[in-house]
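# Examination of the molecular architecture
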Amino acid sequence: MAQLKVVGEPVTRVDAVEKVTGQAVYGYDLVLPNMLYGKTLFSPKAHAKIKKINTDKAKHYPGVVAVVTGEDAPWTHGETIKDKPFLAQGKVRYIGEPVAAVAAEDEDIAQAAVGLIEVEYEDLPVYTDPEEACKPACMPIHEDFDRYRKADFIVGGHLPNVAEHFKLRTGDVAVGFKESDLVLEERYFVPIIQHSAMEPHSAHAQFDQQSGRLTIWVANDAPFRALHEITEALNMPKEQIRFINPLQGGGFGSKGGLKVEPIAVALAFHTNGRPVRVKFNREETFISTLTRHEAVVYCKSGVKKDGTIMAREMTIYWGAGAYAEKSPTVCIRGSLPAPGPYRIPHVKVDGYAVYTNKPVAGSYRGYGIPQGAWACEQQMDELAKRLGMDPVELRMKNIFVEGDIAYWGERLQAVGLKETLVKATEAIEWGKRPDQVKPGVKIGKGFACIQKPTRSPTTSAAGVIVNGKGDLTVLAGTVEIGQGCNTILSQIAAEELGVPMDKVHMHPLDTDVIPFDASTTSSRSTYHMGNAVRRAAIHAREQIAEAASPMLEAKAEDLDFADGKVFLKVQPQMAIPLGEVVRRKLGADGMVRGDGSYTYEIAKDLDLETGHSDHASAFYMYATQAAVVAVDEESGRVRMLRMSAAHDVGKAINPLNCVAQIEGGVAMGIGSALHEELVVDDAGKVRNPSFLD
Amino acid sequence: MKKKIQITLNGKSTSLEVSTHRLLLDLLRDEIGLTGTKEGCGTGDCGACTVLLNGKPVNSCLILSGELDGADILTIEGLKIGPELHPIQRAFVQDGGAQCGYCTPGMLMMSKALLDENQNPTEEEIRFALSGNLCRCTGYAKIIQAVQEAAAILRTR
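For chain B, the helix and strand inventory stands at five helices and five strands. Each helix (α) and strand (β) of chain B, taken in turn from the N terminus, gives the series β-β-α-β-β-β-α-α-α-α. In terms of C-alpha radius of gyration, chain B reaches 15 Å, essentially the compact-globule figure of 15 Å for 157 residues. Projected onto the principal axes, the alpha-carbon positions of chain B cover approximately 45 × 30 × 25 Å.

All right, on to the overall build of chain A then. Across its full length, chain A holds 16 helices and 28 strands. Relative to the globule expectation of 26 Å for 693 residues, the C-alpha radius of gyration of chain A, 27 Å, shows essentially globular dimensions. C-alpha extents for chain A along the principal axes are approximately 75 × 70 × 55 Å. A total of 693 residues make up chain A; the buried ones form 55% of that total. Within chain A, contacts between residues at least 6 apart in sequence are counted, and of these 78% link residues at least 24 apart.

As a further point, take the sheet that holds strand S16 (residues 309-321) of chain A. All names here are of chain A. One open sheet holds the five strands; their spatial order is S9-S17-S16-S15-S10, and the pairing between them is mixed. With one partner strand each, in any of the chains shown, strand S9 (162-170) and strand S10 (182-190) form the two edges of the open sheet. For this sheet, the mean inter-axis angle between neighbouring strands, taken without regard to orientation, is 5°. As paired strands, strand S15 (residues 294-303) and S16 are joined by ten bridges and run antiparallel to one another. Across the sheet, the residue bridging to alanine 295 is tryptophan 318, located in S16. Sheet strands touched by helix H9 (residues 327-335): S9, S16 and strand S17 (346-355). Its angle to S9, the strand with the most contacts, is close to 20°.

Moving on to helix H16 (residues 655-675) of chain A. Residues and elements named next belong to chain A. Here H16 spans 29 Å end to end across 21 residues, near enough to the 30 Å set by a 1.5 Å rise per residue. Inspection of H16 places Asn657, Ala660, Gln661, Glu663, Gly664 and Met668 among the buried residues, and these make up the whole buried set. Buried residues in H16, looked at end-on, bunch into an arc of 160°, giving them a common side.

What follows deals with the nonpolar core. Residues and elements named next belong to chain A. The biggest cluster of nonpolar side chains holds 249 residues, and the ones touching the most others in it are Ala264, Leu267, Val474, Ala493 and Val533. In terms of residues, this core owes the most to one element, helix H14 (residues 525-552), which gives ten residues. Discounting chain neighbours no more than four positions away, the residues touching valine 474 are Ala462, Val464, Leu489, Ser490, Ala493, Val504, Met506, His507 and Val533.

What follows concerns the packing of helix H2 (residues 87-95) of chain B against helix H5 (residues 141-155) of chain B. Residue and element names in this part refer to chain B. Here H2 crosses H5 at 135°, and the two axes come no closer than 8 Å. The pairing of H2 with H5 is recorded here as oblique in orientation. Taken as a pair, H2 and H5 cross one another with a handedness that is right-handed. Residues Pro87, Ile88, Ala91, Phe92 and Asp95 of H2 form the contact with H5, whose own contacting residues are Lys142, Gln145, Ala146, Glu149, Ala150, Ile153 and Leu154. Of the residues in the contact of H2 with H5, the class split is eight nonpolar, one polar and three charged.

A few words on the environment of Met640(A). When you line up the elements, Met640(A) lands in strand S28 (residues 638-648). The spatial distance from the C-alpha of Met640(A) to the C-alpha of Gly257(A) is 35 Å, given a sequence separation of 383 residues.

With 37 residues of chain B at the contact, the number on the chain A side is 34 residues. Listing elements by their share of the side of chain B that touches chain A, those giving two or more residues are H2, helix H3 (104-117) and H5 of chain B. At four residues, the largest contribution of residues to the side of chain B that touches chain A is made by H2(B). A class-by-class count of the residues in the side of chain B that touches chain A yields 18 nonpolar, 13 polar and six charged.

A regular strand places its side chains so that they alternate between the two faces of the sheet. Summarising the sheet, strand S1 (residues 2-9) of chain B and strand S2 (residues 12-19) of chain B pair through eight bridges and their orientation is antiparallel. Each bridged residue has a counterpart across the sheet, and for Gln6(B) the counterpart in S2(B) is Ser15(B).

Look at H5(B): 21 Å from first C-alpha to last across 15 residues, which is about the 21 Å you get at 1.5 Å a residue. Those residues of H5(B) that fall on the buried side of the exposure criterion are Lys142(B), Ile143(B), Ala146(B), Val147(B), Ala150(B) and Ala151(B).

Residues and elements named next belong to chain A. With mixed pairing, eight strands are arranged side by side in an open sheet as S3-S7-S1-S14-S11-S12-S13-S22. The open sheet has two free edges, formed respectively by strand S3 (64-69) and strand S22 (509-510), since each of these has just one partner strand. Taken together, the four bridges between strand S12 (residues 213-217) and strand S13 (residues 241-245) define a ladder with parallel strand orientation. Bridging across to S13, isoleucine 216 finds its partner in phenylalanine 243. Sheet contacts for helix H6 (residues 223-234): S13 and S22; angle to S13, the most-contacted strand, approximately 150°. Strands in contact with helix H7 (residues 261-268) are strand S1 (36-42), S3, strand S7 (98-104), strand S11 (202-208), S12 and strand S14 (276-279); relative to S11, the strand with the most contacts, it is inclined by about 30°.

Residue and element names in this part refer to chain A. Within S1, seven of the seven residues are buried, which leaves it mostly tucked inside the rest of the structure. Going residue by residue along S1, you find Leu36, Gly38, Thr40 and Phe42 tucked away on one face and Tyr37, Lys39 and Leu41 tucked away on the opposite face as well. Here S1 pairs with S14 via three bridges, running parallel. Paired with leucine 36 across the bridge in S14 is valine 276. As defined by bridge partners, S1 adjoins S7 across six bridges and the pair is classed as antiparallel. Its bridge partner lying in S7, phenylalanine 42 is registered against proline 98.

All names here are of chain A. Examined against the element boundaries, histidine 505 turns out to sit in strand S21 (residues 504-506). When the C-alpha atoms of histidine 505 and lysine 651 are compared, they prove to be 23 Å apart, with 146 residues separating the residues in sequence. Those residues in contact with histidine 505, other than ones at most four positions away along the chain, are Asp471, Leu472 and Thr473.

Attention shifts here to the packing of H14(A) against helix H15 (residues 578-586) of chain A. Angle between the axes and distance between the axes: these two values describe a pair of packed helices. Residues and elements named next belong to chain A. The geometry of H14 relative to H15 is characterised by a closest axis approach of 10 Å and an angle of 80° between their N-to-C directions. Put simply, H14 runs roughly perpendicular to H15. Taking contact as the criterion, the partners of Ile544, Ala547, Ala548 and Met551 in H14 are, on H15, Leu578, Val581, Arg584 and Lys585. Looking at side-chain class alone, the contact of H14 with H15 contains six nonpolar, no polar and two charged residues.

On to the confidence of the model for chain B. For chain B, per-residue confidence averages 97 on the pLDDT scale, and 100% of positions sit at 70 or higher. Taken over the whole predicted complex, pTM reads 0.97, whereas the ipTM for its chain interfaces reads 0.99.

Here the focus is unusual backbone geometry. Across residues other than glycine, the phi torsion is negative in most instances, and most of the peptide bonds are trans. Residues and elements named next belong to chain A. Serine 456 connects to proline 457 through a cis peptide bond whose omega is -10°. Checked against the element boundaries, proline 457 lands in the loop between strand S18 (441-453) and strand S19 (459-467). Phi at asparagine 34 takes a positive value of approximately 65°, unusual for a residue other than glycine. Within the secondary structure layout, asparagine 34 lies in the loop between helix H1 (16-20) and S1. Even without a glycine there, the phi angle at tyrosine 367 is positive, about 45°. Residue tyrosine 367 is classed as buried on the basis of its C-beta count, with 24 C-beta atoms lying within 10 Å.

How each quantity is defined
- Residues numbered from 1 in each chain as written.
- Chains lettered and ligands numbered in written order.
- Predicted model: local features only at pLDDT ≥ 70, side-chain atom pairs only at ≥ 80, totals over all residues.
- Helix = DSSP H or I, 4+ residues; strand = E, 2+ residues; numbered from the N terminus.
- Rg over C-alpha atoms; globule rule 2.2 N^0.38 Å.
- Buried ≥ 20, exposed ≤ 12 C-beta atoms within 10 Å, placed from the backbone.
- Contact = placed C-beta atoms within 7 Å.
- Pairing = 2+ DSSP bridges.
- Axes fitted to C-alpha atoms, helices over the stretch in contact; angles between N-to-C directions.
- Expected span 1.5 Å × (residues − 1).
- Arc of directions from axis to C-beta.
- Core = buried A, V, L, I, M, F, W, Y, C linked by C-beta atoms within 7 Å.
- Parallel < 35°, antiparallel > 145°, perpendicular 65-115°, else oblique.
- Left-handed = near helix turned anticlockwise from the far one by under 90°.
- Nonpolar A, V, L, I, M, F, W, Y, C, P; charged D, E, K, R; others polar.
- pLDDT = per-residue confidence, 0-100.

Set out below in structure tokens:
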């Protein structure tokens, strides 16, 4: 392999300067000419029939341009289950569900008019516990579940409020428990949390009656999914809808899917061509966008005296909230690896995604992995304690290594888990008794291991343009949500074409011109889009080499690229700048465009009965993190003293960025473990929709 | 109620007619068009809208426009020194202090307020000064490192 020049280097972020100067324009900052301001009426009821809506007073309020309800927007959407209306239709299913919206000349007018909309409700039973909501006597939150359009793999509806049921069956757990010396069963619970990206949610939409085109400006991390869903819902040709992504102020999973977008679209059809902006404030973002799934996890394990795990049985109730959103796939991809990264001969998992009358749960950093790991890793510690074994030793005995057949039937490759376990625990001096700091305070150490699949198979496509100055423009649909993709993809393009980083520009994201990408989710982008950009760059490079061949009187395969020039491998001084090749071949304004696409095709769908696949994921992520905490025995207060994180990242395209991502993830994990919970009471009301509580 | 005010905004004297109840944050973003100052919560909890008012850091979402006559306001758009990045901005670029960047303007303004007062802050003092500024991306480590480096550069001046 040739020496890498840019890939693997700790390059500083390409978007840092615009971000430290305040020049960066986020979705929340965007102002369009002649724009109207939208405000939303949210349901105050967790589960109720809508008897009547009266919008007359709102419509006649001075300065109001449009008022819309579910009747004006008779469309539904959803990624795998089309269950979610643009605005409530006939009933509401959670407190915070958009019921109506107003577009007006300013935000104060819109808010005042929202207050004039009268809605009559008739209460229905409220379900807030995912374990209870699927009991046979429960009333369905979605009466029409059977009639919804769904993806082929959806297995739901056989129990009340179950949107998806994932099954994993390996060996026979009854036999495994019988052969065990110790069997342990516990119930674990993981509460709801909210992503709390620092930029709240917003969307702008404009419908041009002349051309029939609908344009949506939104910081959405899966614009092509959004495009597809809006297209299907409205039954409009795809070419008539355009998504433009301003910069996104964080996401962590909350900004995929459609939340504010449908409200803005519903209004835009009634504003005579004027664009409308709908912003959610922080409270609205807490109650009416997305959350992380709460989960009730039953975990039963059987082990031999020597620590060999014989069987593990898990039942997981994923609280989906009022609409399916990502719940089916969180249920599948969260339940599959929930028994942990260990060799276990007998495994049974049942995962249920259950509708409740709570805010909608969606993807959240880790995509269903933290919930399973929270249960499984605590149980591993308890098993070790009862066996009188060191918890590290118990893991070491069972942990996945290269070539193992996982309990879902796949031969595992590139498994760096053991090394992460060793490194993370060494870093906190595992095994060394901590010094007592002061009386009444105990020091504790702990660690956990995870495995995480990525969404597979998926596709990313990209373009790389080289102009007459030798500058590159990369067209990629990966959304810069803070994770650093613009830097990483620039590095990959720069590497392949041998140009310095400052010659590479990322094209703004616009679905009219940017090639398709599945989504900026699931830790998939560096691998999938990285390969697509690389292929596009190679395609551009081939065309330039072809064009340069007669200029340098050499065969294309005898040419190489570096320092912005194409040159003869054997005679590097025989060189032409890339831009000059383009100009001489295509004229001063000519451009060479390379295209590339990457699909990880080997991955196969899971068998619906057994959950098995001989290739379930393009790759797996492995990590161990370890912590040292001080616990005040009297108050119970926990203080973090030290945290170590060891991740098998493969080849780091940008080590600085990798460390930054892990540090941020660790902080978010500490918050999740010790501090955060979106508290929803029995009536379905969020009690703490602010940063303060 | 409308009121005429005279302010110094990013070093420039400016006359404005404002609605007295308008928040400084909205005045900056919606009326003047300076969207570098970010809205994260609108209730004074997150620090994303931090600006310097007469040299002191404030949450601009808690300040009414009617109170501003005669005020000297510095926003992120005025932090550069001529065409050059301020040492705090440079340190954030080099150390990876910004990821999504949405909290960054507020972080930088709060850091400037700290370093204007104390050019040799301890890590504890930096953490305390920035404790009202939330960041969801970085885990704060690189932000604190950037402030320390900026302080070191400022001390040599």
